[in-house]
Structures are given as structure tokens and as C-alpha cells.
Amino acid sequence: MSIESLLIIGAGQMGAGIAQVAACAGLDVALNDVAPERVDSGLQRIDAGLAKLVEKGRMDAAGRQAARARVRAAPDLEAAAGEADLVIEAAPETLEVKRAIFTRLDAAAPPHAILATNTSSLPISQIAATTRRPGSVIGMHFFNPAPVMPLVEVVVGLATANETLRATQALIERMGKRAVRIEDYPGFCGNRIMIPMINEAVFALMEGVATAADIDAVAKLGFAHPMGPLALADLIGLDTVLSIMEILHDRYGDSKYRPCPLLRKYVETGWLGRKSGRGFFDYATR
């Protein structure tokens, strides 16, 4: 199956990042969001990302112009879906929201189209069950930031067809990424390992084991991690980290996945990390 046109639903950091990667790989990309102003912000983010590639010598000016020309705003979801070979949904991490989107996509997308979700933890099989084509539904979990991170978890649901899997893996390789097949379990593989590690770092902070800076120094200098777990949480968004921990705790029923009370307190206070200017670190002063 040849994939040349993509629709990306959700123009936030992840959606815009995926759009940039796809456009650089020569794919035509339509970018949609429920809020038109987010599409404008997403396109600006793509402009900045492409400019950075030129600045670093990884792309010339002509390549930048060509990649940018392949991305367009798509205010009408149904119309854009009708022209897409593959749709990647990158909406908020809420099962009800994603299922509602996939119901609309099932009605609007052509029969050959693959319907993918960028969910980081929600069950692919439950999302696929809202459609009449569960064999064409798959998970494509890009890691943040999508233009930089080389890994994509390819998550297969109970009904995902082998043809869908092969076409998705080929597309990911075309984008210059590494596709790793993952079975449909809560948190998949990456977040099942990473998010509890972050949660444990928050427990260490809450219990006064060390300061936030020193906890991150342990991970960077002792484990050779490029970023400490608390800075990583700030980058991901503390609300997203909490949501994934709650999903793991709910679906596995194991107390080891209990979200740290300090993490919950930060989210309730509105300290969400970089996007709010304050998380475990203060970005207003950085």
C-alpha cells in the first residue's frame, strides 16, 4: 500500500512535530485541530522547526521551502479525511475524545485508509472497536519531541491486520524513524517503564531524599540519561504524566502504579511544567 497523503488531527506539540517529520519525508500533510488558532500555532512551530534544521546545516533553504509547502491547514476534518491515505490522531489523551474522533474518521476516510492514534497509553483495541474497520486501526506512538526522537512504538490491537502493520512500519522507516512493534497493553512499553520512574523520582522529592536538581543529576551523571526524570516530566507535562500513571494504576490494579500525591498536587495547582512556566523547575527565570 502506498501512503502519500496524511491527515494529522491535533496541532499541538506532538501533532505539529509529526507533521514536520512527515513533510520532510516528502509526504503531503493536512493539519487539523478543533481550535483553528492551534493550527496557526502548529504551523508556526513547524516553521521554527524547519528554520532550526537549516541553521544546523541539516537542510538547505530549498528543502525547507519544499517541506513547508507540503503542509496545509485543514479546517474541515471530514473533507481532509476523505483525501487521506493515513490519519494520525494526536488529540488529548482521553479515551472518549479519541473514540469520538475515530467514529467520525470511520465514516469519512476512504476504505483503504489506515487510522492511527498517537496515544501513549490508551488501549488500541477499544479505540478500534468504535469503527467498522478495526483491522485498519493501529497505534503510532511518537516520542517527544517527534522531530528529534528516533523511536516510534507501533502498537497492534487484537484486530490489527498484518497489512496495516507492514504499511505503517514502512512509513515510519520512510520518516527516518525506528519502528518497534508493541502489543496492546496499558502504557505499552516505553511509558510502562519511564512514567513509573518519573513517579518514583517525585516520591523521592516529596520525601526529601534530595532536591529536584540533585535527583536529576543522579540520573544524568549516574545513569547517563540525557535529561533527569523531573525535567523530563516538565517537558512531557505533569498533567500527562499523572494521566498515564492513573491509567496504569486503574488497568493493572497494582499499588506500585499509585500516583505520587505531590505530582497530583502540582497538577491541581496548575504547575504543569514547561507549558505553564512552572513545574518541578521554574522556567520563568530560565
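Residues numbered from 1 in each chain as written. Predicted model: local features only at pLDDT ≥ 70, side-chain atom pairs only at ≥ 80, totals over all residues. Heavy atoms only, no water.

For the rest of this paragraph, the subject is the sheet that holds strand β8 (residues 178–183). Here 8 strands make up an open sheet; going across it, the order is β3-β2-β1-β4-β5-β6-β7-β8 and the pairing mixed. Bordering the open sheet on either side are β3 (71–73) and β8, each of which pairs with just one other strand. Sheet twist, expressed as the average angle between the axes of neighbouring strands with direction ignored, equals 25°. Relative to strand β2 (residues 28–32), strand β1 (residues 5–9) runs parallel, the two sharing 5 bridges. The residue of β2 that forms the bridge with I8 is L31. Across the face of the sheet, helix α2 (residues 36–55) comes into contact with β2 and β3 while running at roughly 140° to β2. Where helix α5 (residues 95–108) meets the sheet, its contacts fall on β1, β4 (86–89), β5 (114–117) and β6 (137–142), and the angle it forms with β5 comes to roughly 170°. (Pairing = 2+ DSSP bridges. Helix = DSSP H or I, 4+ residues; strand = E, 2+ residues; numbered from the N terminus. Axes fitted to C-alpha atoms, helices over the stretch in contact; angles between N-to-C directions. Contact = heavy atoms within 4.5 Å.)

In the UniProt entry, the feature "domain: 3-hydroxyacyl-CoA dehydrogenase NAD binding" (unreviewed entry) is given for residues 8–184. Structurally, residues 8–184 is divided into 44% helix and 20% strand, and its ends, taken at the C-alpha atoms, are 22 Å apart. (UniProt positions renumbered as here; feature names shortened; annotations may be inferred.)

Take the pairing of β8 next. As paired strands, strand β7 (residues 151–156) and β8 are joined by 6 bridges and run parallel to one another. The residue bridging V155 from the neighbouring strand is I182, located in β8. At this point the chain moves from β7, through helix α7 (residues 162–174), to the parallel β8, and the crossover so formed is right-handed. (Right-handed = clockwise from strand over helix to strand, strands pointing away.)

As a further point, take the pattern of salt bridges. If you walk through the whole model with that rule in mind, you get 12 salt bridges. For R68, the salt bridge identified is with D47, shortest N-O distance 2.6 Å. Taken together, the positions of R68 in helix α3 (residues 61–69) and D47 in helix α2 put the pair 21 residues apart, joining distant regions of the chain. The partner of R104 in a salt bridge is E78, with the nearest N and O atoms 2.8 Å apart. One end of the pair, R104, is in helix α5; the other, E78, is in helix α4 (residues 77–81), and 26 residues separate them in sequence. (Salt bridge = Lys/Arg side-chain N within 4 Å of Asp/Glu carboxyl O.)

Before going further, it helps to spend a moment on helix α12 (residues 261–269). Along an α-helix, residues three or four apart share an orientation, since each turn contains 3.6 residues. Turning to α12, its buried residues are L262, L263, Y266 and V267. All buried residues of α12 lie within an arc of 140° about the axis, which places them on one face of the element. Looking at α12, the residues exposed on the side facing more than 90 degrees away from the buried face are K265 and E268. Those residues of α12 hidden inside the fold are in contact with α8 (190–206) and α11 (238–252). At the C-terminal side of α12, G270 shows a positive phi close to 90°. (Buried < 20%, exposed > 50% of the residue type's maximum accessible area, 1.4 Å probe, protein only. Arc of directions from axis to C-beta.)

The next thing to look at is the packing of aromatic side chains. Enumeration according to the criterion identifies 3 aromatic pairs in this entry. Relative to W271, the ring of Y266 has its centre 5.2 Å away and its plane inclined at 85°; by these criteria the two rings are edge-to-face. The exposure class of Y266 is buried, given its relative accessible area of 13%. In textbook terms, an aromatic cluster arises when at least three aromatic residues are bridged by ring pairs, as seen for Y266, W271 and F280. Just above the ring of W271 sits the side chain of R278; from NZ or CZ to the centre is 4.0 Å. (Phe/Tyr/Trp six-rings, centres within 6.5 Å; stacked < 30°, edge-to-face > 60°. Lys NZ or Arg CZ within 6 Å of the ring centre and 35° of its normal.)

Taken across its 5 residues, β2 has 4 buried, putting it largely inside the fold. Since β1 and β2 lie parallel, the crossover through helix α1 (residues 13–24) that links them has a hand, and here it is right-handed. The sheet contact formed by β2 and β3 spans 3 bridges and is parallel. Note that in β3 the partner of A30 across the bridge is R72.

Glancing now at α8. With 17 residues, α8 extends 24 Å between its outermost C-alpha atoms, agreeing within 8% with the 24 Å of an ideal straight helix rising 1.5 Å per residue. Taking burial as the measure, the 17 residues of α8 include 12 buried ones, the bulk of the element. Taken as a whole, α8 has its buried residues at G190, N191, M194, I195, P196, I198, N199, A201, V202, F203, A204 and L205. Directly after α8, the chain includes G208, whose backbone phi takes a positive value near 75°. (Expected span 1.5 Å × (residues − 1).)

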